[in-house]
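# Structural features, examined
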Amino acid sequence: MTRQMTGAKMVVQALKDQGVDVVFGYPGGAVLPIYDEIFQQNGIRHVLVRHEQGAVHAAEGYARSTGKPGVVLVTSGPGATNAVTGITDALLDSIPLVVLTGQVATFLIGTDGFQEADTVGITRPCTKHNWLVKDPDRLADTIHQAFHVATSGRPGPVLIDIPKDVQFAEGEYIEPQKAKTSHYQPRVKASIEEVTELVSLIERAERPVFYTGGGVINSGPAASQLLRELVDATGFPVTSTLMGLGAYPASGDAWLGMLGMHGLYEANMAMHGCDLMINLGARFDDRITGKVEAFSPGSRKVHVDIDASSINKVVRVDLPIVGDIAHVLEDVLTVWKSRGRKTQGPALKEWWQKIDEWRGVKCLTYKGSDKVIKPQYALERLEALTKGRDRYITTEVGQHQMWAAQFLAFEDPNRWMTSGGLGTMGYGFPASIGVQMAHPDSLVVNVAGEASWLMNMQEMGTAVQFKLPVKQFILNNERLGMVRQWQELLHGERYSHSWSEALPDFVKLAEAFGAKGIYCDDPAKLDDAIMEMIEHDGPVIFDCLVEKHENCFPMIPSGKAHNEMLLSAEAEAFVGGGALV
């Protein structure tokens, strides 16, 4: 028996059948039939954002914190083009999204009709796949395919462009299990030969490092658990990219901290000096590698990734393994245990002694103050006062993002949401809304800079409307902090347009939206102010005025190797001001 229904009804039914419980969107003429169907049902909650970019970032936060795909619904033309930044962000950070866009009627396509844009053409470079559906009989199948593509293999965003007349027209609805998905079945298992070769390298390594990325988290909870088991069993050190924080607990004995441009000294030095690097679900991003020719020069390199196109794209590796992280780690553990759990014990002990020397540099040391709040101190206090709570952290992009990665500790995956690959200012606030929608009883804090936060400040209306108690912890240095730092260090202190002038009174701004505003510029009052933020049962804008010209260290300057880090003057004291080797 066939089920005939309108295209608009198909969209809602397909979302329900895919287990969708929330959609982030903004209505417009080309999607009104779908919005009419949303109005007539109660199974899916729609969150009205204030800008389509905010819708996509909110869906990213939802997806990243749950492991489920985020869903976006926007109209044609400017609705779709406003979503492009978020879609690109999701592509680079491998976030599963299904974006539904309205389109002008099929007979108007190509006529420059009102609010027409070539959405499929515009989004082709920033989606895993996209579709323009002109036949209502193909709509349901396409939506089910879209969910499959978004969540299979390396996750990412997909887009379906739906003309308005297709939404009105009737067609046959098919169930998800009948959809044509067999054409896209990424490889998830590595060969036994590849696994055995990796185990052999593990057994012989004297200075190994696990280098983990967002792919471990995207693989699901089992991958993070298997990583912890393998790290703890072998005694190998482990470091992570920005996107991989939480896959291995920050309290773990083997944890070196984040690596890369603003990574920890011990992590970068270990990466530079290792003889075996095992890359699990990272893509050798330029913020990690620094100067590629000088990246981990003496190591054998293994790269495990579900995306074959990421392997050998930036760094040539000795052992490429295409597969899902969880499957590969499970097989590696099985084979390694069956062969006697061998490692090079004495050499490994010497390696840890060297790492402990690097840890002794205390690279995050900074000069404290009882007069002005240092941004590092603000995050240390946020960490201390929220540690052990059911906490999720999002960030905007800039110095505050790097300090948050350095000073906040993550024990579990899916607790850290940040824009890594695209570096999107304005990401964190709407992302925090998506996280809070998914976890209504949890503490959700967006660590922000004032410049980034203003990019999507309009989403405070969404937070207030939906009674989402998101906390906006703004480290306000009245500067475009990271831009200013680069101008100081690399451009002769010529501060070209890096001052944030004409800033709003954030407390009054919060009150204007019907939220709570908090201001603090005194280190002695910071703890009480943070607790006031945490304990308030609604959305909060916390304006934390911090040192204006504080720099974020360590820092690998552009074009330099991992062992050529710049440290703060206070950290330099631990190495006697000598060469960092």
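### Comments concerning the overall build of the protein
The helix and strand inventory of the protein stands at 24 helices and 20 strands. For a compact globule of 581 residues, the expected C-alpha radius of gyration is about 25 Å, and the protein comes in at 25 Å, within 12% of that figure. Across its three principal directions, the C-alpha atoms of the protein cover 75 × 60 × 40 Å. Here the protein holds 581 residues, and the buried ones make up 60% of them. Looking at the protein as shown, the accessible area adds up to about 22,200 Å², and 50% of this sits on carbon and sulfur atoms. Of the side-chain charges in the protein, 53 are positive and 70 negative, and the distance between the mean point of each set is 3 Å.

### Quick look at the domain arrangement of the protein
In terms of domains, the protein is made up of domain 1 (3-178), domain 2 (192-359) and domain 3 (375-545). Contacts between domain 1 and domain 2 engage seven residues on the former and eight residues on the latter. Both faces combined, the contact of domain 1 with domain 2 buries some 700 Å², and carbon together with sulfur accounts for 48% of it. Taken as a group, R64, D93 and R154 account for 67% of the area that domain 1 buries against domain 2, more than any other trio of residues on that side. Applying the counting rule to domain 1 against domain 2 returns five residue pairs in polar contact (both at pLDDT 80 or more). Its residues placed into classes, the side of domain 1 that touches domain 2 shows two nonpolar, two polar and three charged.

### Let's talk about the pairing of strand β18 (residues 471-476)
Within β18, six of the six residues are buried, leaving the element largely enclosed by the surrounding structure. Across the two faces of β18 the burial is the same, with K471, F473 and L475 and Q472, I474 and N476 all buried. Sheet topology note: the strand β17 (residues 443-449)/β18 ladder contains five bridges and is parallel. Looking at β18, one finds that V447 is bridged to F473. For β18 and strand β20 (residues 540-545), the ladder comprises six bridges, and the chain directions are parallel. When the sheet's bridge partners are listed, F473 is paired in β20 with F542.

### Thoughts on the pairing of strand β13 (residues 300-305)
In terms of residue burial, β13 counts as a mostly covered element, since five of its six residues are buried. Both strand β12 (residues 276-280) and β13 contribute to a ladder of five bridges, which runs parallel. Bridging across to β13, I278 finds its partner in V302. Relative to strand β14 (residues 319-322), β13 is paired through four bridges, and the arrangement is parallel. Residue pairing for β14: V302 is matched across the bridge by L319.

### Regarding the side chain of S568
Topologically, S568 is positioned in the loop between β20 and α24 (569-572). Looking at S568, its side chain comes within polar contact range of the main-chain nitrogen of A571, at 3.1 Å. With sequence-adjacent residues up to four places away left out, S568 is seen in contact with T365 and F553.

### Here's the deal with the sheet that holds strand β15 (residues 391-395)
With respect to topology, six strands assemble into an open sheet ordered β16-β15-β17-β18-β20-β19, the strand pairing being parallel. At either end of the open sheet lies a strand with only one pairing partner, and these are β16 (416-417) and β19 (516-520). Sitting on the sheet, helix α16 (residues 375-386) is in contact with β15, β17, β18 and β20, with an inclination near 155° to β18. The strands that helix α17 (residues 399-407) touches are β15, β16, β17 and β18; relative to β17, the one it contacts most, it runs at about 135°.

### With respect to helix α15 (residues 345-359)
The first and last C-alpha atoms of α15 sit 21 Å apart over 15 residues, in line with the 21 Å expected at 1.5 Å per residue. Burial in α15 covers these residues: L348, W351, W352, I355 and W358. One side of α15 holds all its buried residues, which, seen down the axis, span an arc of 110°. Residues of α15 that are exposed and point over 90 degrees away from its buried face: P346, K349 and E350. Buried-residue contacts for α15 involve β9 (208-212), α11 (221-234), β11 (255-258) and α12 (265-273).

### Focus on the packing of aromatic side chains
Across all of its chains, the model carries 12 aromatic pairs by this definition. Arranged with centres 5.9 Å apart and planes meeting at 75°, the rings of W453 and F506 form a pair that is edge-to-face. On the criterion of sequence distance, the pair formed by W453 in helix α19 (residues 450-455) and F506 in helix α22 (residues 506-513) is long-range, its members being 53 residues apart. For the pair W453 and F506, one class covers both residues: buried.

### Remarks on the pattern of salt bridges
Counted under the stated rule, the structure contains 19 salt bridges. With its nearest N and O atoms 3.7 Å apart, the salt bridge here joins D21 to K68. In this pair, D21 is assigned in the loop between α1 (7-17) and β2 (22-26) and K68 in the loop between α3 (52-66) and β4 (70-74), connecting sequence segments 47 residues apart. For R359, the salt bridge is made with D356, and the minimal N-O distance between the two is 3.2 Å.

### Some remarks on the nonpolar core
By size, the foremost hydrophobic cluster in this structure holds 104 residues, and its most contacted members are L280, L379, L382, F473, I530, M533 and F542. The element best represented in this core is helix α14 (residues 325-338), accounting for eight residues. Lining this core are residues from two domains, each supplying at least three of them: domain 2 (192-359) and domain 3 (375-545). When near neighbours in sequence (up to four residues on either side) are disregarded, L280 contacts F210, Y211, T212, G213, V216, L227, V304, I325 and L329. Ranked by size, the runner-up nonpolar core spans 43 residues in total, among them A63, V72, I87 and L509.

### Digging into unusual backbone geometry
In the segment running from F553 into P554, the intervening peptide bond is cis, with an omega of -5°. For P554, the position within the fold is in the loop between β20 and α24. One non-glycine residue with positive phi stands out, namely R341, at about 55°. Here R341 shows up in the loop between α14 and α15. For R341, a relative accessible area of 46% gives the class partly exposed.

Definitions and cut-offs
Every chain is numbered independently, its residues counted from 1 as its sequence is written. Local features are withheld for residues below a pLDDT of 70 in this predicted model, meaning they are given only at 70 or higher, and side-chain atom pairs are given and counted only at 80 or more; totals for whole chains, interfaces and linings count all residues. Water and hydrogen atoms were dropped before computing side-chain values, which therefore reflect all heavy atoms in the structure. Secondary structure follows DSSP: runs of H or I at least 4 residues long count as helices, runs of E at least 2 residues long count as strands, and numbering of each begins at the N terminus. Two things to know: the radius of gyration comes from C-alpha atoms, and the globule rule equals 2.2 Å times the number of residues to the power 0.38. Exposure classes here rest on a 1.4 Å probe applied to the protein chains alone. A residue is buried below 20% of its type maximum, exposed above 50%, and partly exposed in between. Computed with a 1.4 Å probe, the accessible areas rest on the Shrake-Rupley method; for each residue, only the protein chains presented here act as cover. Here Asp and Glu are counted as negative and Lys and Arg as positive; His is not counted, and neither are the chain ends. To locate a charge, take NZ of a lysine, CZ of an arginine, CG of an aspartate or CD of a glutamate. What counts as a domain boundary in this text is fixed by an automatic or database domain assignment. In this analysis, two residues are considered to be in contact whenever any of their non-hydrogen atoms come within 4.5 Å of each other. Each of two parts loses accessible area, computed with a 1.4 Å probe, when they are put together; buried area is these two losses added. Whenever a nitrogen or oxygen atom comes within 3.5 Å of another N or O atom, the pair is scored as a polar contact, on the condition that within protein one atom can donate a hydrogen and the other can accept it, and that pairs from neighbouring residues in sequence are kept only if both atoms are in side chains. Three classes are used: nonpolar for Ala, Val, Leu, Ile, Met, Phe, Trp, Tyr, Cys and Pro, charged for Asp, Glu, Lys and Arg, and polar for all others, with Gly counted as polar. Two strands pair under a simple rule: DSSP has to find at least two bridges between them. Orientation is described by lines fitted to C-alpha atoms, with helices fitted over the stretch in contact, and by angles between N-to-C directions that extend from 0 to 180 degrees. A helix's residues, less one, multiplied by 1.5 Å, set its expected span. What the arc describes is the spread of directions from the helix axis to the C-beta atoms. Two rings belonging to Phe, Tyr or Trp (six-membered ring only in the last case) form a pair when the distance between their centres is within 6.5 Å. Interplanar angles under 30 degrees mark stacking, angles over 60 mark edge-to-face geometry, and anything in between is tilted. Here a salt bridge means any side-chain nitrogen of Lys or Arg lying within 4 Å of a carboxyl oxygen belonging to Asp or Glu. Only buried residues count toward a nonpolar core. Its members are Ala, Val, Leu, Ile, Met, Phe, Trp, Tyr and Cys residues joined through side-chain atoms within 4.5 Å.

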